[in-house]
Amino acid sequence: MEIKQIRELKDLKKYDVILLPFIKNKELKLEETKDFFENIKNIMKSSDFKDNEDQVYTTSLLYNDNLKKIVFLEIKEDKIDIKNIFEGFSKGFKKTRQIKGKNVLVLLDNISEKINDYNIYEKTVEAAYLSNYIFDKYKTKKETKKITSLDFLTKIHDFENALIEAKAASDGTILCRDLVNEPPMRLTPEKLGEEAVKTGKNSGFKVTVYDKKEIEELKMNAFLAVGKGSVNTPKLIVMEYKGSDKEEKIGLVGKGLTYDSGGYSIKPSKSMSTMQSDMAGAAAVIGAMKIIATMNLKVNIVAVVAACENRISHEAYLPGDILESMSGKFIEVNNTDAEGRLTLADAVTYIKEKHKVISIVDLATLTGAIITALGKRRAGTFSNNDELHEKIEKASRISGEKIWRLPCDEELKESIKSNVADIRNSTQGSTIGGGSITAALFIEEFIEDIPWVHIDIAGTSWTDMTLSYSEKGGVGYGARLIYNYAKLMEN
Ligand code: BES
Ligand code: ZN
Ligand code: ZN
């Protein structure tokens, strides 16, 4: 899809759909005197757009024997913020697609006075890209309902910058969605590594992929144990972006289970069917790196993904095993389905020891419990550092991806104490509850005192419902959140 800004409307001929955002009871700012726009004004005056949950209304109008469809998008004046503008415009573009709009005009200046904040109007463009996405790679008959060209009619002076940033942010988010949507037979740990290498080459960051032998040399035994049951061996993916002359590097870690069957603590088939998405943390981190490098942020970043498959075979790890993690701490495995935290424990130790990062943010589809706690539209965060968490909070407000901080209550630690090792990987047998908190506490044990934020994206990374801004499947959650976080960490 080609998106551009136009400052003046020279020719209406090429458009088949016109998207008109408006605020109720506000005079339309259609400067053009053409009859056509007079007609639109008249339609709007005579229609009482009844409160429609979708905020979207359509009509058709004749222009020089040519039928134009109009999509009216109601913007509620008291709800003008990043999230509402993003979701509102997503609805408008989705409708446009449904009525087969190909060449589309957006009359943005009709509301530009009200959305005159860079982060807000930038979202109108992200909404266009993200609501136009469809994963149809494996459909022989391709989806045809896609917008091909989109002109924003607006005089906003730095709209060009918004176009550049929104394109980069959307491309990273779409890469994240594509990776999550790939079936597990195609997106193995090796393939995930190759995708990271390809992305690094194209957008400008270094990627090193370590194989099983090298991971063994690093003594990442907790990570290795999780991947033992599969012929698709583990890969440690390390991405490095240098955008600043300063020494300081910030760390990112993404959970990279390209499939989670649960292992011997096997999942019921219903919960297993979408477990190719258990690498959504890794995908978000790779997507974020793509945006960060494309936008040339002045910051240094190391991002690590411990990629593997959690499967069953005669070689798979077992409940009852005791693993010596890279940190030297012994972990009792009492549930092979609590595998993410095992891979993260070693990934965190690796990034601390080998890259000396000043902070760590991890994204992980870690617990089903986070869905019980917060639902699927908000990720849960955990942190040992208020200042760092504030950065993530700020980034979340800019990206529009919601978070909610939960406590790392020490009292719950009791439940991951082991009789035979330093720690155990699940609370099995305990009635303490707080499954997402105990998972975070487990990771914190390996973080020790580095400033850290853990983002549990088990609920937000995948949708079973079609949303205005996302088809069913991978949502792309986190790529823009992490990009905006990195932007706040620029020096
Ligand atoms: N990958 C799952 C978590 C998950 C659940 C992601 C739903 C996406 C949607 C994780 O590895 C897992 O299985 N967690 C267990 C932990 C338990 C065994 C302590 C869970 O949440 O049940
Ligand atoms: Zn699991
Ligand atoms: Zn998992």
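Residues numbered from 1 in each chain as written. Chains lettered and ligands numbered in written order. Predicted model: local features only at pLDDT ≥ 70, side-chain atom pairs only at ≥ 80, totals over all residues. Heavy atoms only, no water.

J.: Any details on the pairing of strand E14 (residues 379-383)? Residues and values, ideally.
T.: Successive side chains on a regular strand alternate, one facing one side of the sheet and the next facing the other. Most of E14 is tucked away, with 5 of its 5 residues classed as buried. By the alternation rule, side chains of E14 split into Ala 379, Thr 381 and Ser 383 and Gly 380 and Phe 382, which are all buried. Where E14 meets strand E15 (residues 403-405), 3 bridges bridge the pair, whose relative direction is parallel. Following the sheet pairing, Gly 380 is matched in E15 by Trp 404. With respect to chirality, the unit in which E14 leads through helix H12 (residues 386-399) into the neighbouring parallel E15 is right-handed. The sheet contact formed by E14 and strand E17 (residues 452-456) spans 4 bridges and is antiparallel. Pairing of Ser 383 across the sheet is with Val 453, part of E17. (Buried < 20%, exposed > 50% of the residue type's maximum accessible area, 1.4 Å probe, protein only. Helix = DSSP H or I, 4+ residues; strand = E, 2+ residues; numbered from the N terminus. Pairing = 2+ DSSP bridges. Right-handed = clockwise from strand over helix to strand, strands pointing away.)

J.: Which residues make up the packing of aromatic side chains, and what values go with them?
T.: Using the criterion set out here, one finds 10 aromatic pairs in the structure. Look at Phe 22 and Tyr 57: their rings are 6.4 Å apart centre to centre, the planes differ by 50°, and that puts the pair in the tilted class. Of this pair, Phe 22 sits in strand E2 (residues 17-22) while Tyr 57 sits in strand E3 (residues 56-63), placing them 35 residues apart in sequence. Neither residue differs from the other here; Phe 22 and Tyr 57 are each classed as buried. Here a set of aromatic residues connected by ring pairs shows up, and it is made of Phe 89, Phe 93, Tyr 118, Tyr 121, Phe 152 and Phe 159. (Phe/Tyr/Trp six-rings, centres within 6.5 Å; stacked < 30°, edge-to-face > 60°.)

J.: Residues and numbers for the nonpolar core, please.
T.: Among the nonpolar cores identified, the biggest contains 53 residues, and Leu 192, Met 239, Leu 252, Ile 301, Val 361, Ile 455 and Tyr 485 are the most heavily contacted of them. Here the element with the most residues in this core is helix H9 (residues 280-294); it accounts for 11 residues. Those residues within four positions of Ile 455 in sequence are excluded, and the remaining contacts are Val 361, Asp 362, Leu 363, Ala 364, Ala 379, Gly 380, Thr 381, Ile 392, Leu 481 and Ile 482. By size, the runner-up hydrophobic cluster in this structure holds 49 residues, among which are Ala 225, Val 302, Ala 345 and Ile 450. (Core = buried A, V, L, I, M, F, W, Y, C linked by side-chain atoms within 4.5 Å. Contact = heavy atoms within 4.5 Å.)

J.: Quick one: what's the story with the side chain of Ser 359, residue by residue and with numbers?
T.: Following the sequence through the fold, Ser 359 ends up in strand E13 (residues 359-364). Look past the residues within four positions of Ser 359 in its chain and what remains in contact with it is Lys 249, Ile 250, Gly 251, Leu 388, Ile 450, Pro 451, Tyr 485 and Met 489.

J.: Could you give an account of the coordination of the zinc ion (ligand 2), naming the residues involved and the relevant values?
T.: For the zinc ion (ligand 2), the protein coordination sphere consists of Asp 260 (OD), Asp 337 (O), Asp 337 (OD) and Glu 339 (OE), at 2.0 to 2.2 Å. In this structure, the zinc ion (ligand 2) is surrounded by 6 donor atoms whose angles at the metal cover 71 to 166°, and the resulting shape is irregular. A gap of 3.2 Å separates the zinc ion (ligand 2) and the zinc ion (ligand 3), which Asp 260 links by coordinating each metal. You can see Asp 260 sitting in strand E9 (residues 250-260) and its partner Glu 339 sitting in the loop between strand E12 (330-332) and helix H10 (340-355), a full 79 residues away along the chain. (Donors = N, O, S within 2.8 Å, 3.2 Å for Na, K, Ca; no water. Tetrahedral: all angles 85-135°; square planar, octahedral: opposite > 155°, others 65-115°.)

J.: Explain the sheet that holds strand E8 (residues 235-242) to me, using residue names and the numbers behind them.
T.: A sheet is described by the order of its strands in space; here 8 strands give the open sequence E7-E8-E10-E9-E13-E17-E14-E15, paired in mixed fashion. Edge positions in the sheet fall to strand E7 (206-210) and E15, since each of these pairs with one other strand and no more. Averaged over all pairs of adjacent strands, the angle between strand axes in this sheet comes to 20°, irrespective of strand direction. Against the sheet, H9 engages E8, E9, strand E10 (300-310) and E13, with an angle of about 135° to E9. Its contacts with the sheet put helix H14 (residues 479-488) on E9, E10, E13, E15 and E17, and the angle it makes with E13 is roughly 170°. (Axes fitted to C-alpha atoms, helices over the stretch in contact; angles between N-to-C directions.)

J.: Break down helix H3 (residues 118-131) for me, citing the residues and quoting the values.
T.: Spanning 14 residues, H3 covers 20 Å between terminal C-alpha atoms, matching the ideal 20 Å at 1.5 Å per step. Judged by how many residues are buried, H3 sits mostly within the fold: 12 of 14 residues are covered. Inspection of H3 places Ile 120, Tyr 121, Glu 122, Lys 123, Thr 124, Val 125, Glu 126, Ala 127, Ala 128, Tyr 129, Leu 130 and Ser 131 among the buried residues, and these make up the whole buried set. (Expected span 1.5 Å × (residues − 1).)

J.: An account of the site of ligand 1 is requested, with residue identities and associated values reported.
T.: For ligand 1, the set of nearby residues contains 15 residues, the closest of which are Lys 267, Asp 278, Asp 337, Glu 339 and Gly 368. The side chain of Lys 267 places a nitrogen or oxygen atom 2.7 Å from an oxygen atom of ligand 1. Within the contact set of ligand 1, an oxygen atom lies 2.8 Å away from a side-chain nitrogen or oxygen of Asp 337. Starting from 510 Å² of accessible surface for ligand 1 in isolation, the protein chains cover 76%. For the shell around ligand 1, the class distribution of residues is 3 nonpolar, 5 polar and 7 charged. (Near = heavy atom within 4 Å. Polar contact = N/O pair within 3.5 Å; in protein donor to acceptor, adjacent residues only side chain to side chain. Areas by Shrake-Rupley, 256 points an atom, 1.4 Å probe, with all protein chains shown as cover. Nonpolar A, V, L, I, M, F, W, Y, C, P; charged D, E, K, R; others polar.)

J.: I'd like a rundown of the packing of H3 against helix H4 (residues 159-181), residues and numbers included.
T.: Contact pair H3 / H4: the axes reach a minimum separation of 8 Å and the direction vectors enclose 45°. Compared by their axis directions, H3 and H4 come out oblique. Crossing handedness for the pair H3 and H4: right-handed. Taken together, the residues of H4 that come into contact with H3 (itself represented by Tyr 118, Tyr 121, Glu 122, Thr 124, Val 125, Glu 126, Tyr 129 and Leu 130) are Phe 159, Asn 161, Ala 162, Leu 163, Glu 165, Ala 166, Lys 167, Ala 169, Ser 170, Thr 173, Ile 174 and Arg 177. Partitioned by chemical class, the residues of the contact of H3 with H4 number 11 nonpolar, 4 polar and 5 charged. (Parallel < 35°, antiparallel > 145°, perpendicular 65-115°, else oblique. Left-handed = near helix turned anticlockwise from the far one by under 90°.)

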